[in-house]
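# Remarks on the overall topology
Each chain, written out:
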Amino acid sequence: MAPALWEGLPGERLRAPLRHRRAPSFPPGDGTCPGRRRLRVPLSCLPACLPGCCSIPGVASKMPSSGGSSSSSSSSLTPQVHWAQRHRELYLRVELSDAQDPDITITDNVLHFKAQGHGAKGDNVYEFHIEFLEPVKPQPVCRVTQRQLNITVKKQESHWWERLTKQEKRPLFLAPDFDRWLDESDAEMELKAKEEERINKINFENRIPKDPFRHLKRGYLFMYNLVQFLGFSWIFVNMTVRLFMLGKDSFFDTFHATSDMMYLCQTLAVMEIVNALIGLVRAPLLPILLQVFGRNFILFVVLGGVEEMQSKAVVFFVFYIWSLVEIFRYPFYMLSCIDIEWKVLTWIRYSIWIPLYPLGILAEAVTVIQAIPVFSNTGRFGLTLPSPLSLTIPFSVVLQLYLVALFLGPFVNFRHLYKQRKRHLGPKKRKICIRAVRTTSPPEVSLSKILALAGDADLLAPVFFTSHEEDGSQKSQEVTRSFAPGG
């Protein structure tokens with residue numbers, strides 16, 4: 001018999017001999033739809049053409065399942081997961097952005113993950129399960145970012161796994177994380193490098209003698225900076241409030257309102273010289289000496305020496321600039337004592353001196369200029385030389401000499417502060433460590449090649465060269481060179 005065309009699904013045309021196709025018999029009550037024509041449909045097309053309307057006993061059991069032992073059921077959504085490993089840890093990266101309330105647990109060596117987030121199928125609930133190849137610790141560490149979730153799992157035993165899951169066939173949602181992937185040999189080298197770094201750090205710390213009074217010194221410096229900060233803050237707030245309440249009238253009464261606290265703070269400032277002398281703080285002595293001596297000379301001698309100077313308006317500007325500088329300087333030192341760095345405060349500390357220090361020097365210079373005629377008229381602090389000279393040197397001459405030094409001395413402080421600002425706020429130098437061995441060429445050739453490859457890096461570690469001598473022995477030479485970027 002000639003073959004006939006048989007229509008099944010719309011648009012589907014199958015050619016088959018009629019003698020090989022028999023209409024299936026459907027017993028009563030089999031769930032077929034009455035009134036419809038029975039089509040001879042291949043078994044592979046049944047799920048598409050009879051969605052919930054018709055069913056044939058035994059067909060569903062023959063259909064292949066779409067699940068896996070490592071994934072969740074077919075009704076749930078599974079995110080893409082990338083993995084990598086080291087000898088001691090497993091790293092899982094879940095491609096799920098804006099994840100909310102992730103539920104991550106490990107029970108019976110199976111990791112269960114469930115979270116609401118935006119994945120490949122939009123904003124939904126995603127979940128998966130992974131049964132690990134070998135035992136792991138049941139305390140995963142998860143770090144959630146805006147784009148993904150990073151899960152770290154500790155291994156029970158430190159060694160390399162041949163795969164991640166217990167089942168040999170890799171689940172479809174799991175893929176290698178090539179950003180963190182390392183071969184076993186590379187991972188061993190990384191592990192050895194970390195171990196060497198840890199040992200070197202321990203050896204370096206052991207070389208430094210431990211100071212039994214370290215915490216006591218830090219406590220003293222913290223309290224000193226705290227007291228100074230509170231004192232200058234009180235002066236600054238008091239002057240600011242009086243300025244808003246009294247206006248310009250507060251200029252002429254500044255000394256009587258804040259002099260007691262300023263006397264206390266500037267007297268305590270002498271301890272900064274002592275701290276530098278005994279090595280309690282690592283700071284150059286000359287800048288500290290110039291600043292403390294200059295301020296105390298203005299406060300105790302120029303302003304405190306004659307009452308006529310205490311009612312001058314310039315006193316307000318001198319005290320206000322001093323306190324404005326110190327309310328940022330002392331908190332920076334206070335936090336440094338407890339190893340806390342606040343970048344905003346660091347920037348203010350090493351930047352605010354640029355406008356305020358010149359203004360402070362100008363205010364102090366105006367104070368000295370106004371004090372010269374006052375001390376000339378009163379003759380206060382005049383120096384009388386003994387006979388036979390019998391010469392009296394007025395204190396105004398000392399003020400004139402101090403006025404000249406006032407514009408020359410601050411260059412030392414400016415240079416010191418500029419170096420400090422460059423060290424804390426300037427670009428960081430990159431450091432490289434190169435270890436080279438040469439057996440035929442001289443060390444100079446190797447060093448030039450290494451420096452050419454280093455570029456603008458900062459070479460601080462020693463470079464070792466080994467060359468053969470004429471008698472057959474080996475000679476090791478250490479060459480160290482440091483250069484700044486662009487140098």
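Residues numbered from 1 in each chain as written. Predicted model: local features only at pLDDT ≥ 70, side-chain atom pairs only at ≥ 80, totals over all residues. Heavy atoms only, no water.

### So, the overall build of the protein chain
A tally of helices and strands in the protein chain yields 12 helices and 16 strands. Out of the 487 residues belonging to the protein chain, those deemed buried represent 35%. Accessible surface for the protein chain amounts to roughly 31100 Å². Of this, 59% is attributable to carbon and sulfur atoms. (Helix = DSSP H or I, 4+ residues; strand = E, 2+ residues; numbered from the N terminus. Buried < 20%, exposed > 50% of the residue type's maximum accessible area, 1.4 Å probe, protein only. Areas by Shrake-Rupley, 256 points an atom, 1.4 Å probe, with all protein chains shown as cover.)

### As for the confidence of the model for the protein chain
Chain-level pLDDT for the protein chain is 76 on average; 72% of the residues reach the 70-or-more range. Here residues 1–39 scores under 50 on pLDDT; set against residues more than four positions off or in separate chains, the count is 39 contacts. Low confidence marks residues 41–74, where pLDDT is under 50. Its contacts with residues over four positions away, or in another chain, come to 33 contacts. (pLDDT = per-residue confidence, 0-100. Contact = heavy atoms within 4.5 Å.)

### Re a positive patch on the surface
A cluster of basic side chains, namely Arg88, Arg143, Arg180 and Lys194, defines a positive patch on the protein surface. Inspection of the secondary structure assignment puts arginine 88 in the loop between strand E3 (80–85) and strand E4 (89–95). (Patch = residues over 30% accessible without salt bridge, like charges linked within 9 Å, V, L, I, M, F, W, Y side chains within 5 Å. Salt bridge = Lys/Arg side-chain N within 4 Å of Asp/Glu carboxyl O. Lys, Arg positive; Asp, Glu negative; His and termini not counted. Charge placed at Lys NZ, Arg CZ, Asp CG, Glu CD.)

### Here we look at helix H11 (residues 410–425)
For H11, built from 16 residues, the straight-helix expectation of 22 Å at 1.5 Å per residue is met to within 8% by its first-to-last C-alpha distance of 22 Å. Listed as buried for H11 are Pro410, Asn413, Leu417 and Gln420. In an axial view of H11, the angular spread of the buried residues amounts to 90°, which keeps them on one side of the axis. Of the exposed residues in H11, the ones pointing more than 90 degrees away from its buried face are Phe411, Arg415, Tyr418, Lys422 and Arg423. (Expected span 1.5 Å × (residues − 1). Arc of directions from axis to C-beta.)

### Focus on the sheet that holds strand E9 (residues 149–154)
Within the open sheet, the 5 strands sit side by side as E8-E9-E4-E3-E10. Their pairing is mixed. Either end of the sheet is taken by a strand with one partner, and the two such strands are strand E8 (141–144) and strand E10 (174–176). Geometrically, the sheet is characterised by an average inter-axis angle of 25° between neighbouring strands, direction not taken into account. In this sheet, E10 lies alongside E3 in parallel orientation, the contact comprising 3 bridges. For tryptophan 83, the partnering residue across the bridge sits in E10 and is proline 176. (Pairing = 2+ DSSP bridges. Axes fitted to C-alpha atoms, helices over the stretch in contact; angles between N-to-C directions.)

### Topic: the nonpolar core
In terms of nonpolar packing, the biggest core is built from 43 residues, with Ile298, Phe319 and Leu399 touching the most fellow members. Broken down by secondary-structure element, the contributors of at least two residues to this core are helix H3 (214–246), helix H4 (254–268), helix H5 (270–277), helix H6 (285–305), helix H7 (314–336), helix H9 (353–378) and helix H10 (395–408). At 9 residues, H7 tops the list of elements feeding residues into this core. Beyond its immediate stretch of four places on either side in the chain, phenylalanine 319 contacts Met239, Thr254, Phe255, Thr258, Met262, Leu299 and Leu303. (Core = buried A, V, L, I, M, F, W, Y, C linked by side-chain atoms within 4.5 Å.)

### Describing the pattern of salt bridges
A full pass over the atoms with the stated rule returns 11 salt bridges. With its nearest N and O atoms 2.5 Å apart, the salt bridge here joins lysine 154 to glutamate 89. Note that lysine 154 is positioned in strand E9 and glutamate 89 in strand E4, a separation of 65 residues in sequence. Assessed through its relative accessible area of 37%, lysine 154 is described here as partly exposed. Assessed through its relative accessible area of 18%, glutamate 89 is described here as buried. Of the charged contacts, one joins aspartate 177 and arginine 93 as a salt bridge, the two residues approaching to 2.8 Å between their closest N and O atoms. Of the two residues, aspartate 177 sits in the loop between E10 and helix H2 (184–207) while arginine 93 sits in strand E4, which places them 84 residues apart along the sequence.

### Some thoughts on the environment of arginine 329
Of note, arginine 329 is situated in helix H7. Each C-alpha atom, one on arginine 329 and one on glutamine 228, is 9.8 Å from the other, the two residues being 101 residues apart in sequence. At 2.6 Å, the side chain of arginine 329 forms a polar contact with the side chain of glutamate 326. (Polar contact = N/O pair within 3.5 Å; in protein donor to acceptor, adjacent residues only side chain to side chain.)

### Topic: the sheet that holds strand E5 (residues 97–107)
With antiparallel pairing, the 3 strands of this open sheet are ordered in space as E5-E6-E7. Edge positions in the sheet fall to E5 and strand E7 (122–131), since each has one partner strand and no second. Within the sheet, the average angular offset between the axes of one strand and its neighbour, ignoring direction, is 10°.

### Side note on the packing of H9 against H11
Contact geometry of H9 with H11 gives a least axis separation of 12 Å together with a crossing angle of 170°. With respect to each other, H9 and H11 are oriented roughly antiparallel. Residues Trp353, Ile354, Tyr357, Pro358 and Ile361 of H9 pack against Pro410, Phe414, Leu417, Tyr418 and Arg421 of H11. When the residues that make up the contact of H9 with H11 are grouped by side-chain class, the tally is 9 nonpolar, no polar and 1 charged. (Parallel < 35°, antiparallel > 145°, perpendicular 65-115°, else oblique. Nonpolar A, V, L, I, M, F, W, Y, C, P; charged D, E, K, R; others polar.)

### Things to note about the packing of aromatic side chains
The description of an aromatic ring pair rests on the distance of the ring centres and on the angle between the ring planes. For the coordinates displayed, the defined rule picks out 25 aromatic pairs. A ring pair is formed by phenylalanine 255 and tyrosine 263, whose centres lie 6.1 Å apart and whose planes are at 85°; its orientation type is edge-to-face. Here the aromatic cluster, defined as three or more aromatic residues joined through ring pairs, consists of Phe293, Phe297, Phe375, Phe381, Phe395 and Tyr402. Seen from the ring of tyrosine 330, arginine 329 lies directly overhead, with NZ or CZ sitting 4.6 Å from the centre. The residue whose ring lies beneath arginine 349 is tyrosine 350, and the NZ or CZ to ring-centre distance is 4.8 Å. (Phe/Tyr/Trp six-rings, centres within 6.5 Å; stacked < 30°, edge-to-face > 60°. Lys NZ or Arg CZ within 6 Å of the ring centre and 35° of its normal.)

### Here's the deal with H3
Because each turn of an α-helix spans 3.6 residues, side chains separated by three or four positions in sequence point in the same direction. Taking 1.5 Å of rise per residue, 33 residues should cover 48 Å, and H3 covers 48 Å from first to last C-alpha, within 8% of that figure. Along H3, the residues classified as buried are Leu221, Tyr224, Asn225, Gln228, Gly231, Phe232, Ser233, Ile235, Phe236, Met239, Thr240 and Arg242. Residues of H3 that are buried sit in contact with H4, H5 and H7.

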